[in-house]
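Here are the chains, one letter per residue:
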Amino acid sequence: MVQSINTKVDLVIDATSHMGLPDYGKIMIGNKGFEFFNNRDARKFIQISWEEVDIVIASIMFKGKWIPRYAIQTKRNGTYTFSSKDSKKVLRAVREYVEPNRMVQSLSFLDVIKRGMKSTFKK
């Protein structure tokens, strides 16, 4: 069994990890870090301490009505993408430990297309 890094838990919610194939499990947010535990395989887990979190990226649609997924970019180990039943509740819990200026909104589909067109015409 995996030992949790948290001593106090703020939120536990069903979630999906999008690292390769989707893994279903639970997200645990506590005083020491962000954790994901797989429901089926105890060896598949992700533990990210709050000191390691660089930025949190949220994909926002319909002017904030729906947040389908969010990502946590770490300082050394890359980006981890998750989705959960109530993404707003998860992001509010994360905001208690991560500074609000390190929580950003991802680019929309049209913004990505605009950047691609600008870079194509600059060359």
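Look up a bit, the structure's there.
Conventions we followed
Throughout, residues of each chain are indexed from 1 in the direction in which the sequence is written. Given that this is a predicted model, residues contribute local features only at a pLDDT of at least 70 and side-chain atom pairs are listed and counted only at 80 or more, while totals for whole chains, interfaces and linings are drawn from all residues. Water and hydrogen atoms play no part in the side-chain values, which are based on all heavy atoms of the structure. Under the DSSP-based scheme used, a helix requires at least four consecutive residues in state H or I and a strand at least two consecutive residues in state E, with every element numbered from the N terminus. In what follows, residue pairs with any heavy atoms lying within 4.5 Å of each other are defined as contacts. Residue burial considers only the protein chains on display, and all accessible areas are found by Shrake-Rupley using a 1.4 Å probe. When charges are counted, Lys and Arg contribute as positive and Asp and Glu as negative, whereas His and the chain ends are disregarded. Taken as the charge location is NZ of Lys, CZ of Arg, CG of Asp or CD of Glu. Only one rule defines a salt bridge in this text: a Lys or Arg side-chain nitrogen within 4 Å of an Asp or Glu carboxyl oxygen. In this scheme, a residue with accessible area under 20% of its type's maximum is buried, one over 50% is exposed, and one in between is partly exposed, where area comes from a 1.4 Å probe on protein chains only. When DSSP locates at least two bridges between a pair of strands, those strands are taken to pair. For helices, the fitted axis covers only the stretch in contact; all axes are lines through C-alpha atoms, and the angles between them, taken along N-to-C directions, range from 0 to 180 degrees. Residues enter a nonpolar core if they are buried and are Ala, Val, Leu, Ile, Met, Phe, Trp, Tyr or Cys, with the set joined through side-chain atoms within 4.5 Å.

Comments concerning the overall build of the protein
If you tally the helices and strands in the protein, you get two helices and eight strands. For the protein, the spread of C-alpha atoms along the three principal axes comes to 55 × 30 × 30 Å. Of the contacts made within the protein by residues no fewer than 6 positions apart, 42% connect residues no fewer than 24 positions apart. Here the protein displays about 8500 Å² of accessible surface, and carbon together with sulfur accounts for 54% of that area. For the protein, the centre of its 22 positive side-chain charges and the centre of its 12 negative side-chain charges are spaced 8 Å apart.

Describing the pattern of salt bridges
In total, this model carries four salt bridges according to the counting rule given. Measuring nitrogen to oxygen at the nearest pair gives 3.1 Å for the salt bridge that ties Lys8 to Asp10. Overall, Lys8 belongs to the partly exposed group, its relative accessible area being 48%.

Concerning the side chain of Ser84
Tracing the chain through its elements places Ser84 in strand 7 (residues 79-84). Leaving out residues up to four positions away in the same chain, Ser84 has contacts with Ile13, Asp14, Ala15, Tyr70 and Val90.

Remarks on the sheet that holds strand 7
Judged by pairing direction, the sheet is mixed, and its eight strands sit side by side in the order 4-3-2-1-7-6-5-8 without closing on themselves. Among the strands making up the open sheet, the edge pair consists of strand 4 (45-49) and strand 8 (103-105). In this sheet, neighbouring strand axes are inclined to one another by 30 degrees on average, regardless of whether the strands run parallel or antiparallel. Direction of pairing for strand 1 (residues 9-17) relative to strand 2 (residues 23-30): antiparallel, over a ladder of eight bridges. Across the sheet, Asp14 pairs through a bridge with Lys26, a residue of strand 2. Strands in contact with helix 1 (residues 87-95) are strand 1, strand 2, strand 3 (33-38), strand 5 (53-61), strand 6 (66-74), strand 7 and strand 8; relative to strand 6, the strand with the most contacts, it is inclined by about 35 degrees.

Observations regarding the nonpolar core
Side chains of nonpolar character tend, in soluble globular proteins, to be buried together. Formed by 23 residues in total, the largest nonpolar core has its most connected members in Ile27, Ile29, Phe34, Phe82, Val90 and Val94. Elements with a minimum of two residues in this core: strand 1, strand 2, strand 3, strand 4, strand 5, strand 6, strand 7 and helix 1. It is helix 1 that provides the largest number of residues to this core, a total of four residues. In this structure, Ile27 is in contact with Leu11, Val12, Ile13, Ala15, Phe34, Glu35, Phe36, Tyr70 and Phe82, ignoring residues within four places of it in sequence.

Topic: unusual backbone geometry
Excluding glycine, residues mostly carry a negative phi; peptide bonds, for their part, are mostly trans. The backbone of Phe62 shows a phi angle near 55 degrees, a positive value even though the residue is not glycine. The residue Phe62 is located in the loop between strand 5 and strand 6 in this model. Overall, Phe62 belongs to the exposed group, its relative accessible area being 60%.

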